[in-house]
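Per-entry structural report
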Amino acid sequence: QVQLVESGGGSVPAGGSLRLSCAASGLSVSSAFTGWFRQAPGKEREGVAVIYTGWGRTYYADSVKGRFTISQDNAKNTVYLQMDSLKPEDTGMYYCAAANPRVWVRSPLKTDEYNYWGQGTQVTVSS
């Protein structure tokens, strides 16, 4: 059974940083598209950052490009999201997601491309 467990969320002032972690089991993160999605109250869930190490590919939403960095540690089977220069509009529940292994995802930042989801970790950025 695939499980994704997020951690690292919290409350920070604008301009601060957080590092989110997604620990995976039942799936090797290096063999699948994995990434981070977020949902603010009253808004649709949106793609933030996705990684596929097999092809050396990363994908970022325009709103976070240059501020967020996605990476993974294959030995720990964990995906990370380093978030710098945080803004209040970054506030939301952040979810880790993974597609089926060895499947090429055509639209990496679309939520319906992913089969497995974590429970989320809250990120709150105050002004």
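Residues numbered from 1 in each chain as written. Predicted model: local features only at pLDDT ≥ 70, side-chain atom pairs only at ≥ 80, totals over all residues. Heavy atoms only, no water.

1. Digging into the state of the cysteines
This structure, assessed with the given rule, holds 1 disulfide. The residue that forms a disulfide with C22 is C96, at a sulfur-sulfur distance of 2.0 Å. Taking the torsion about the sulfur-sulfur bond, which here is approximately -80°, the covalent link between C22 and C96 counts as left-handed. One end of the pair, C22, is in strand 3 (residues 18–25); the other, C96, is in strand 9 (residues 92–98), and 74 residues separate them in sequence. As far as the burial class goes, C22 and C96 line up, both buried. (Disulfide = S-S within 2.5 Å. Helix = DSSP H or I, 4+ residues; strand = E, 2+ residues; numbered from the N terminus. Buried < 20%, exposed > 50% of the residue type's maximum accessible area, 1.4 Å probe, protein only.)

2. Comments concerning the pairing of strand 3
Bridge count between strand 1 (residues 3–7) and strand 3: 5 bridges; the pairing is antiparallel. Along strand 3, the bridge assignment pairs Q3 with S25. Two elements, strand 3 and strand 8 (residues 78–83), share 6 bridges in a ladder whose sense is antiparallel. Paired with R19 across the two strands is Q82, which belongs to strand 8. (Pairing = 2+ DSSP bridges.)

3. Brief notes about the packing of aromatic side chains
Here the structure, examined in full by the defined rule, presents 8 aromatic pairs. Relative to W104, the ring of F33 has its centre 5.1 Å away and its plane inclined at 90°; by these criteria the two rings are edge-to-face. With F33 in the loop between strand 3 and strand 4 (34–39) and W104 in the loop between strand 9 and strand 10 (116–117), this residue pair connects regions lying 71 residues apart in the sequence. Residue W104 is classed as partly exposed on the basis of its relative accessible area, which comes to 41%. An angle of 90° between the planes, with centres 6.0 Å apart, marks the rings of W55 and W104 as edge-to-face. Pair noted here: W55 is in the loop between strand 5 (46–52) and strand 6 (57–60) and W104 is in the loop between strand 9 and strand 10, with a separation of 49 residues, a long-range link. Residue W55 is classed as exposed on the basis of its relative accessible area, which comes to 58%. Clustering of aromatic rings is evident, with ring pairs tying together F33, Y52, W55, Y59 and W104. The lysine or arginine in question, R19, covers the ring of Y80, its NZ or CZ lying 4.3 Å from the ring centre. Between the NZ or CZ atom of R45 and the centre of the ring of Y95, over which it lies, the distance is 3.8 Å. (Phe/Tyr/Trp six-rings, centres within 6.5 Å; stacked < 30°, edge-to-face > 60°. Lys NZ or Arg CZ within 6 Å of the ring centre and 35° of its normal.)

4. Here we look at the sheet that holds strand 3
Ordered in space as 1-3-8-7, the 4 strands form an open sheet in which the pairing is antiparallel. The open sheet has two edge strands with one neighbour each: strand 1 and strand 7 (68–73). Going from strand to strand, the sheet's axes swing by 15° on average, the running direction of each strand aside. (Axes fitted to C-alpha atoms, helices over the stretch in contact; angles between N-to-C directions.)

5. Concerning the nonpolar core
W36, V48, F68, I70, L81, M83 and Y94 are the most contacted members of the largest nonpolar core, which has 28 residues in total. Elements that contribute at least two residues to this core include exactly strand 3, strand 5, strand 7, strand 8, strand 9 and strand 11 (121–126). With 4 residues, the single largest contributor to this core is strand 3. Leaving out residues up to four positions away in the same chain, V48 has contacts with W36, F37, R38, Y59, Y60, A61, V64, F68, L81, Y94 and L109. F33, V50, Y59 and V105 belong to the second-largest nonpolar core, a separate cluster that totals 9 residues. (Core = buried A, V, L, I, M, F, W, Y, C linked by side-chain atoms within 4.5 Å. Contact = heavy atoms within 4.5 Å.)

Taken by themselves, the reported measurements are silent on function.
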